[in-house]
Amino acid sequence: LADPEQFKDVEQKTAKKAAAVEKEKAAAKAAKDAAKMAAAAKAKKPSPGGPVIVVGAGPAGLAAARMVAHHGYKVIVLEARDRVGGRVYTDTSSLSVPVDMGASIITGTEADPMRRTGMPWRGVRADPSAVVAQQLGLALHKLGDKLPLYDGVTGDIVDEATDARVERARDALMDRARLRVDREGAEGVKAVSLAEVLADELQQQFGAAAADADDAEEGAE
């Protein structure tokens, strides 16, 4: 007779194998049900009878247009400017060096699994813009911890004390603008641009000094 000890785990192995088979069946059924639901949803979704119009040729508009075109639909992109890119624009003609007039800084070029967020188990992912830049072969210049402030008249870097005062004034100005939105509500300020709110708060905070600065800037133009 065979030694009974060699069969002692047969029942356990058989149970594990049966569980694995059931798990595979359940996964296959779930995939089949998901495909059926997707097909049903696609059948219910009306197809555009004409071209899809996307308003704005900024990054979001261009991405939307590309996705719609990827699904086989004709796309027309409307843009008020004579260029694409929206707020992403580099001025290469005014100065001797290119100057970014809009978006120019990507925060978080690499994922940080240790940084905590509202969903602490996820960490922080890399900014998708950094991934796209790498895919396109675009060079990124890593910024240091400190960004120098330059004097608009002399072009020199301002001293640390002035830099600190400007930073405190900027933070206070942004806080005041945020408080105004909180105080008046989104409906109360929806017809006012952020620039107008900041200009008004700047006038209230610095008074005549802000007005003199504006006049001097207009005179220089």
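What you are looking at is a predicted structure, and each value in this text was computed from that prediction instead of being measured.

Analysis parameters
- Residues numbered from 1 in each chain as written.
- Predicted model: local features only at pLDDT ≥ 70, side-chain atom pairs only at ≥ 80, totals over all residues.
- Heavy atoms only, no water.
- Patch = residues over 30% accessible without salt bridge, like charges linked within 9 Å, V, L, I, M, F, W, Y side chains within 5 Å.
- Areas by Shrake-Rupley, 256 points an atom, 1.4 Å probe, with all protein chains shown as cover.
- Salt bridge = Lys/Arg side-chain N within 4 Å of Asp/Glu carboxyl O.
- Helix = DSSP H or I, 4+ residues; strand = E, 2+ residues; numbered from the N terminus.
- Buried < 20%, exposed > 50% of the residue type's maximum accessible area, 1.4 Å probe, protein only.
- Axes fitted to C-alpha atoms, helices over the stretch in contact; angles between N-to-C directions.
- Left-handed = near helix turned anticlockwise from the far one by under 90°.
- Contact = heavy atoms within 4.5 Å.
- Polar contact = N/O pair within 3.5 Å; in protein donor to acceptor, adjacent residues only side chain to side chain.

## Let's talk about a nonpolar patch on the surface
Right, so step 1: Side chains of I53, V55, I76 and L78 sit close together on the surface and give an oily, nonpolar patch of about 380 Å² of accessible area.
Right, so step 2: Mapped onto the nonpolar patch, the elements with two or more residues apiece are β1 (52-55) and β2 (75-78).
Right, so step 3: Mapped onto the secondary structure, I76 falls in strand β2.
Right, so step 4: Given a relative accessible area of 34%, I76 falls into the partly exposed group.

## What about the pattern of salt bridges?
Pairing of side chains with opposite charge becomes possible as their charged atoms draw close.
Right, so step 1: In total, this model carries 8 salt bridges according to the counting rule given.
Right, so step 2: Where D182 meets R178, a salt bridge forms, and the shortest distance between an N and an O atom there is 3.1 Å. One end of the pair, D182, and the other, R178, are both in helix α4 (residues 160-189), 4 residues apart, so they sit about a helical turn from each other.
Right, so step 3: Overall, D182 belongs to the exposed group, its relative accessible area being 51%.
Right, so step 4: K190 is paired through a salt bridge with E187; the nearest N and O atoms lie 3.0 Å apart.
Right, so step 5: Judged by its relative accessible area of 62%, E187 is exposed.

## Remarks on the packing of α4 against helix α5 (residues 194-206)
Right, so step 1: Two numbers describe how α4 lies on α5: the axes approach to 9 Å, and their chain directions differ by 115°. The two elements α4 and α5 cross, and the hand of that crossing is right-handed. Contact residues: A169, A172, L173, M174, R176, A177 and R180 in α4; V197, L198, D200, E201, L202, Q204, Q205 and F206 in α5.

## Topic: the side chain of E201
Right, so step 1: Here E201 lies in helix α5.
Right, so step 2: For E201, a relative accessible area of 4% gives the class buried.
Right, so step 3: Only 3.1 Å separates the side chain of E201 from the side chain of R176, close enough to count as a polar contact.
Right, so step 4: Discounting chain neighbours no more than four positions away, the residues touching E201 are L173, R176, A177 and R180.

## What about the environment of A57?
Right, so step 1: Secondary-structure assignment places A57 in the loop between β1 and α2 (59-70).
Right, so step 2: Relative accessible area serves as the criterion here: at 2%, A57 is assigned to the buried category.
Right, so step 3: Residue contacts for A57: discarding those within four places in its chain leaves L62, V77, L78, E79, V84, G85 and G86.

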